[in-house]
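# Secondary and tertiary structure notes
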Amino acid sequence: MINTFEEREVEVERRFVRKEKDIREDIAWAKINSDVLRSLERPRMLFWVIFLGSLALFMFGVSCEIYQYETGLGVANLDNPQVWGLYIATFIFWIGMSHSGTLLSAILHLMHADWRKPIYRFAEAMTTFSLMTAGLFVMVHLGRVWQFYYVVAYPNERWTWPNFQSPLVWDATAIFTYLTSSMIFLYIGMIPDLAICRDNATGFRKRFYTFLSLGWMGTDRQWANFRVTYLTVACFLIPLAVSVHSIVATDFAVSQQPGWHITSFPPYFVAGALYSGCAAIITLFIVLRYVFRFEEYMTMPILEKTAKLTFAISMVWTYLNLVEYSATWYGDDMYAKQALIYRATGDYAVFWWSMNFLGSVVPFTLAFKKLRNHIPTMLVVSILLNVGMWLERWMIVSPTFANGIYPWTMDHDQWPAWVQWGMVAGSFGWFNMLFMLFCKIFPSVSMYEVKEMVYHRSLHTKAHGEPSVNHELAAEGGTAS
Amino acid sequence: MSITNLLNNWSFYRNKRPYRGQYDLNRQYGEYKWAMAVDLDICTGCNACTTACYAENNLPVVGKHRFEHGQVMHWIRIERYWDEKMGEFPEQGTSFLPMMCQQCEAAPCETVCPVAATSHTNDGLNSQNYHRCIGSRYCSANCPFKVRYFNWWNYPSTAWPAPLEDQLNPDVTVRTKGVMEKCTFCVQRLSEAKSRARTEYRLVRDGEVLPACAQACPTGAISFGNIVDPESKIAKMWKNQQVDLYKDMQEKDNTVRGYRILEDLRPFPSVMYMERVRDAEA
């Protein structure tokens, strides 16, 4: 029972003013170093399970590709109207996955949202590796992959250029630029941490980190240059991220096919990209937190903030999705309307409806604080969201082929062969394998920025006085001391 | 490869929508514009055109299994459309429609090819460069007629067992796996006729050259020729049917039968079809 005015005030303050903190303010810097460096040494057993499982999946995907390379694309059970299938769908999925890394590391950096600091490093790594995975699909789906370099404008004796009108050329350019810039961004942001690794490593690891840390000594001049460089690359990366997925959207929007020829595709694709990327960040957050024992850095409030972000983006995506449907429904394009009806009622209806359910209804679980703080729920929900987003990409690509403009070529029997599914599974293996290797070799929590975060917050506490409510007690449900 | 070359010839790399006078005899380019007319009233659906095309253009026979999987390579196909079932004969009222590459003037496939493997020739043909093609299949994805065929398998290794390779047409490339192909209006015959005509300081005469399908058609449903020449049979047919190459919507009266397929998408096809005349009472 709350009786007195003071008690009520304390209660109100406990519930509404004093939130749980993103990170403890009294973590010693040496402890941050040792905790993060420990992740480079002995992770939990689950790490090896994930790594070896991913490696096996990847090897399966490689064998599928070898088979397809030797035999021809017919083994993927692609046919005349259905020329792209899962390859391009999964390609868009991986490109989309890459966007949230940039959102966390660059956009939130510019907005001074410092809660991103413990988690942006692995998100940025996710960007790089998912772009690498997406690049694989471009290769895999080509009929003559050994001549993929024709797309690049390289000097040659025949004076031939790629066709600059083609969105695929824009794609190749944009993705390559985005990949190199995000790798540079990831690397630059890691230099001070690599120096910490260097100082603590021995043997060949010492030589490795010494080479990578580029003689970082932590001088003022180095820090000043570092800040400027980091900010510049961050500013460069943001428009790139938006343009890359817009360009992937033009692959479809520029074409004439029903269900693709839609003006709202670029923002729709960007929203979908951020959406699936944020969901993937939640999944990897939970996995890393457990595998590398990062409970003190990847805290529940940060997970909750990421979940809120995901929820907001999911609503943007839902809105744009409904815009697409209604624009098609009330529009004048007979073929597009027919394609929309086919998606909802035809052979892909199960996938289409589950895509809408997973993409627009399931995220409402993120609206509840209790569920946001429940790790198993969040793990399942984030995976479900990504399944929904993968289905979305598939539902963009395949039904349009199955129900095109010309009635004679409508083909409703096509089902991807095991080679396609194998390569989709292999891509997940490849991504997880690279990601896990990265986390084992490089510090996946940014040490110097976590220190900054702790330092700033403790300064803030000093300046504004001690909070009247002890946050640890408050978290346990206690009252003022 | 130089920037100057690219900039100087930029207009040739661009695919513009066709404009009137594009194929003008007084211009340096555009002495020929190959076009076709298919009379659906005469077509009996006998598939002779398809067979001739297989023989002329080295098309592989893929077999029943792959045919069912949609991996067939027929550059010209006979589409069958059925009337709604009437009375006791369920197969009453078949309509046939030979469908080949429409050689669109503003071809959707050309703009999207990343390596410019498919582009427009001065003769108004939609050419396909097998050596340049990397098999991204974007052209097929964007083709509204779906008349582009992809080599899903390595057909040369299986389609012509030992003595059969002798029947291959030496004028036509045998395509390997991973390459897109499509009807070329028998471009090997056209270029042969053109070079023969050039040695005699003249243009190709009307009827001098025919694609294999038009040559093989027993009823003469497929007509072919140079539409730039106003005296040619094909130009007269297009004119009589009031179909204009440069229009995306024809203003014609109901007495003529000519039309082009999917004109509202504005690909400006070079193939005109003539409707089948049906007696509603029959």
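### Regarding the sheet that holds strand β8 (residues 222–226) of chain B
Residue and element names in this part refer to chain B. Taken in spatial order, the four strands of this open sheet run β8-β1-β10-β9, and their pairing is mixed. Each edge of the open sheet is held by one strand with a lone partner, namely β8 and β9 (258–259). Where β9 and strand β10 (residues 271–274) come together, two bridges link them in antiparallel fashion. Bridge assignment links Gly 258 to a residue of β10, and that residue is Met 274. Here helix α9 (residues 233–240) sits on the sheet in contact with β1 (34–39), β8 and β10, set at roughly 60° to β1.

### Considering the packing of helix α10 (residues 265–291) of chain A against helix α16 (residues 418–441) of chain A
Geometrically, a packed helix pair is captured by the angle between its two axes and the distance between the axes. Residues and elements named next belong to chain A. Here α10 crosses α16 at 45°, and the two axes come no closer than 13 Å. On the basis of their axis angle, the class for α10 and α16 is oblique. Seen along the crossing, α10 lies across α16 with a hand that is right-handed. Along the contact surface, α10 presents Leu 284, Val 287 and Leu 288, while α16 presents Phe 431, Phe 435, Met 436 and Cys 439. A class-by-class count of the residues in the contact of α10 with α16 yields seven nonpolar, no polar and no charged.

### Points about the interface of chain A and chain B
With 50 residues of chain A in contact, the opposing surface of chain B contributes 56 residues. Ranking the residues of chain A by area buried against chain B places Trp 161, Tyr 406 and Trp 408 of chain A at the top, with a combined share of 18%. The interface formed by chain A and chain B holds 31 residue pairs in polar contact (both at pLDDT 80 or more) in total. Elements with a contribution of two residues or more to the side of chain A that touches chain B: α3 (45–71), α7 (167–200) and α9 (220–253) of chain A. Per-class residue counts for the side of chain A that touches chain B are 28 nonpolar, 18 polar and four charged.

### Examining the nonpolar core
In terms of nonpolar packing, the biggest core is built from 215 residues, with Trp 84 and Phe 252 of chain A touching the most fellow members. Top contributing element to this core by residue count: α10 of chain A, with 18 residues. Setting aside residues no more than four positions away along its own chain, Phe 252 of chain A makes contact with Trp 84, Ile 88, Ile 92, Trp 260, His 261, Phe 265, Phe 269, Ile 396 and Val 397 of chain A together with Tyr 138 of chain B.

### Notes on the environment of Ser 136 of chain B
Mapping Ser 136 of chain B onto the fold places it in the loop between β5 (126–128) and α6 (138–142). Remark: the alpha-carbon pair of Ser 136 of chain B and Trp 152 of chain B, spanning 16 residues in sequence, is separated by 12 Å. Excluding anything up to four places from it in sequence, Ser 136 of chain B contacts Trp 84, His 141, Leu 142 and Leu 168 of chain A together with Pro 114 of chain B.

### Side note on the confidence of the model for chain B
Taken as a whole, chain B shows an average pLDDT of 86; of its residues, 90% reach a score of 70 or greater. Scoring the predicted complex yields pTM 0.89 and, for the interface, ipTM 0.87.

### Some details on helix α5 (residues 99–110) of chain A
Residue and element names in this part refer to chain A. Between its first and last C-alpha, α5 extends 16 Å over twelve residues, near the 16 Å set by a 1.5 Å rise per residue. Burial of α5 is extensive: ten of the twelve residues sit out of reach of the surface. Those residues of α5 not exposed but buried are His 99, Ser 100, Gly 101, Thr 102, Leu 103, Leu 104, Ser 105, Ala 106, Leu 108 and His 109. In this structure, the buried residues of α5 make contact with α4 (86–97), α6 (120–141), α7, α9, α10 and α11 (300–330). In the stretch just after α5, His 112 is the one whose phi turns positive, near 55°.

### Topic: the packing of aromatic side chains
Under the counting rule described, the total for this entry stands at 61 aromatic pairs over all chains. Ring geometry for Phe 252 of chain A against Phe 269 of chain A: centres 5.9 Å apart, planes inclined by 40°, an arrangement best described as tilted. Of this pair, Phe 252 of chain A sits in helix α9 while Phe 269 of chain A is found in helix α10, placing the two residues 17 residues apart along the sequence. The exposure classification of Phe 252 of chain A matches that of Phe 269 of chain A, with both residues buried. For the pair Phe 265 of chain A and Phe 269 of chain A, a centre-to-centre distance of 5.1 Å together with 40° between the ring planes defines the contact as tilted. On the criterion of helical spacing, the pair formed by Phe 265 of chain A and Phe 269 of chain A is a turn pair, its members being four residues apart in helix α10. Note on Phe 269 of chain A: relative accessible area 3%, which makes it buried. Ring pairs connect the aromatic residues Trp 84, Phe 252, Trp 260, Phe 265, Tyr 268, Phe 269, Tyr 275, Trp 317 and Phe 401 of chain A together with Tyr 138 of chain B, which therefore count as one cluster. Positioned over the ring face of Tyr 290 of chain A is Arg 44 of chain A, at 4.3 Å from the centre of the ring. Sitting over the face of the ring of Phe 150 of chain B, Arg 137 of chain B holds its NZ or CZ atom 5.1 Å from the ring centroid.

### A look at the packing of α10 of chain A against α11 of chain A
Residues and elements named next belong to chain A. Put simply, α10 and α11 touch, their axes get as near as 9 Å, and they point 155° apart. Between α10 and α11, the interaxial angle falls into the category roughly antiparallel. Considering how the two elements wind past one another, α10 and α11 form a crossing that is left-handed. Looking at the contact of α10 with α11 residue by residue, the classes come out as 20 nonpolar, five polar and two charged.

### Looking at the pairing of β8 of chain B
Residues and elements named next belong to chain B. The buried count for β8 comes to five of five residues, which makes it a mostly enclosed element. Residues of β8 alternate between two faces, with Ile 222, Phe 224 and Asn 226 on one and Ser 223 and Gly 225 on the opposite face, all of them buried. Sheet topology places β1 next to β8; five bridges connect them, and they run antiparallel. Looking across to β8, one finds that Ala 37 is bridged to Ser 223.

### Topic: unusual backbone geometry
In this structure, Leu 214 of chain A takes a positive phi of about 55° despite not being glycine. You can see Leu 214 of chain A is positioned in the loop between α8 (203–212) and α9. Positive phi values are uncommon outside glycine, yet Gln 103 of chain B reaches one of about 45°. Tracing the sequence through the fold places Gln 103 of chain B in the loop between β3 (94–99) and α5 (108–112). Among the residues examined, Gln 103 of chain B registers a relative accessible area of 0% and is labelled buried.

### Focus: the side chain of Arg 289 of chain A
When you line up the elements, Arg 289 of chain A lands in helix α10. The residues touching Arg 289 of chain A, leaving out its near neighbours within four places in the chain, are Phe 294, Glu 295, Met 298, Thr 299, Met 300 and Ile 375 of chain A.

### Quick look at the pairing of β1 of chain B
Residues and elements named next belong to chain B. Taken across its six residues, β1 has six buried, putting it largely inside the fold. What you see with β1 is no split at all: Trp 34, Met 36 and Val 38 on one side and Ala 35, Ala 37 and Asp 39 on the other are buried throughout. Here four bridges tie β1 to β10, and the two strands are oriented parallel to one another. Within the sheet, the bridge partner assigned to Val 38 lies in β10 and is Tyr 273.

Criteria and cut-off values
Residues numbered from 1 in each chain as written. Chains lettered and ligands numbered in written order. Predicted model: local features only at pLDDT ≥ 70, side-chain atom pairs only at ≥ 80, totals over all residues. Heavy atoms only, no water. Pairing = 2+ DSSP bridges. Helix = DSSP H or I, 4+ residues; strand = E, 2+ residues; numbered from the N terminus. Contact = heavy atoms within 4.5 Å. Axes fitted to C-alpha atoms, helices over the stretch in contact; angles between N-to-C directions. Parallel < 35°, antiparallel > 145°, perpendicular 65-115°, else oblique. Left-handed = near helix turned anticlockwise from the far one by under 90°. Nonpolar A, V, L, I, M, F, W, Y, C, P; charged D, E, K, R; others polar. Buried area = accessible area lost by both parts, 1.4 Å probe. Polar contact = N/O pair within 3.5 Å; in protein donor to acceptor, adjacent residues only side chain to side chain. Core = buried A, V, L, I, M, F, W, Y, C linked by side-chain atoms within 4.5 Å. Buried < 20%, exposed > 50% of the residue type's maximum accessible area, 1.4 Å probe, protein only. pLDDT = per-residue confidence, 0-100. Expected span 1.5 Å × (residues − 1). Phe/Tyr/Trp six-rings, centres within 6.5 Å; stacked < 30°, edge-to-face > 60°. Lys NZ or Arg CZ within 6 Å of the ring centre and 35° of its normal.

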